[in-house]
Amino acid sequence: MRSAPDLRRFREAAPPRRAGEHCEMCDEALGGDHRHVVNLESRNLLCTCTACNLLFTHEGAAGGKYRAVPDRHLYDASLALSERQWDELQIPVGMAFFFLNSSLGRFVAFYPSPAGATESLLPLETWQQVMEANPSFGSIAPDVEALLLRRTGDRVECYLAPIDASYELVGRVRIRWKGFDGGSEVWEEIDSFFSTLRERSRTVGADGDE
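Scope of this entry: the structure provided in the associated data block.

1. Describing the packing of aromatic side chains
For the coordinates displayed, the defined rule picks out ten aromatic pairs. Taken together, a centroid distance of 5.4 Å and an interplanar angle of 55° make the contact between F56 and Y66 tilted. On the criterion of sequence distance, the pair formed by F56 in the loop between α2 (50-54) and β3 (66-68) and Y66 in strand β3 is long-range, its members being ten residues apart. We note that F56, like Y66, is buried.

Okay, structure coming up:
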């Protein structure tokens, strides 16, 4: 049987929430541009204020359950990736993102689709060859950074970006996709996303500054 205080909690109205987005850890009001933390157990992204985000910038914080998403953006101007390797990666569309899943101890691959983020079976031998041929991205942080690839014709763009950028792309594709080929609106959205990503990224590799 529930006690009187327990029953009172059901009768009393919950305090009204303030309008707008709030930190999912301390309930602080958030601005439009805020940071994220990854829950490594559920793989969910949590919206956080700056103070809460800083609590999880060190590996092992909160027993390793949470990890702050960094703000590093890199672009490799000399990506070594052959057409054969791209085909072996089994990506049915012209873009995908790859991240190191610490729970599995290996890279996993996803691509945007009308249904959301769709996992692609990643040939580990081929991906190992790609990583060895492109050492600029060897410092990728597990779980919170991703390698985002886009193929246009015979050219492949590659970015190291926060993991939330990849899921932002997934969300844009899911919302804008229409019909069989997506429609012109979704491809304009994709072009805009990659244009902004390029502007934010520092160039690395043979033609860059590292």
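Once you've had a look at it, read on.
2. Remarks on the sheet that holds strand β2 (residues 44-48)
Across the sheet, which stays open at both edges, the three strands sit in the order β2-β1-β3 with antiparallel pairing between neighbours. Looking at the sheet topology across the chains shown, the edges are occupied by β2 and β3. Put simply, the sheet's adjacent strands are angled 30° from each other on average, direction ignored. Sheet topology note: the strand β1 (residues 35-39)/β3 ladder contains three bridges and is antiparallel. For N39, the partnering residue across the bridge sits in β3 and is Y66.

3. Regarding the sheet that holds strand β6 (residues 106-113)
Note on sheets: strands pair through backbone hydrogen bonds, and any given pair is parallel or antiparallel. The mixed open sheet is built from seven strands, whose spatial order is β7-β6-β5-β8-β9-β4-β10. The two strands at the open ends of the sheet, each matched to only one other strand, are β7 (116-120) and β10 (202-204). Across this sheet, the average inter-strand angle for adjacent strands is 30°, counted without regard to direction. As paired strands, strand β8 (residues 145-152) and strand β9 (residues 155-162) are joined by eight bridges and run antiparallel to one another. Among the inter-strand pairings, L148 is bridged to a residue of β9, identified as Y159. Across the face of the sheet, helix α4 (residues 124-133) comes into contact with β5 (95-101), β6 and β8 while running at roughly 95° to β6. Along the sheet, helix α6 (residues 183-200) makes contact with β4 (74-76), β5, β8, β9 and β10, crossing β8 at roughly 125°.

The rules behind the values
- Residues numbered from 1 in each chain as written.
- Predicted model: local features only at pLDDT ≥ 70, side-chain atom pairs only at ≥ 80, totals over all residues.
- Heavy atoms only, no water.
- Phe/Tyr/Trp six-rings, centres within 6.5 Å; stacked < 30°, edge-to-face > 60°.
- Helix = DSSP H or I, 4+ residues; strand = E, 2+ residues; numbered from the N terminus.
- Buried < 20%, exposed > 50% of the residue type's maximum accessible area, 1.4 Å probe, protein only.
- Pairing = 2+ DSSP bridges.
- Axes fitted to C-alpha atoms, helices over the stretch in contact; angles between N-to-C directions.
- Contact = heavy atoms within 4.5 Å.

So yeah, pure geometry; function would need other evidence.
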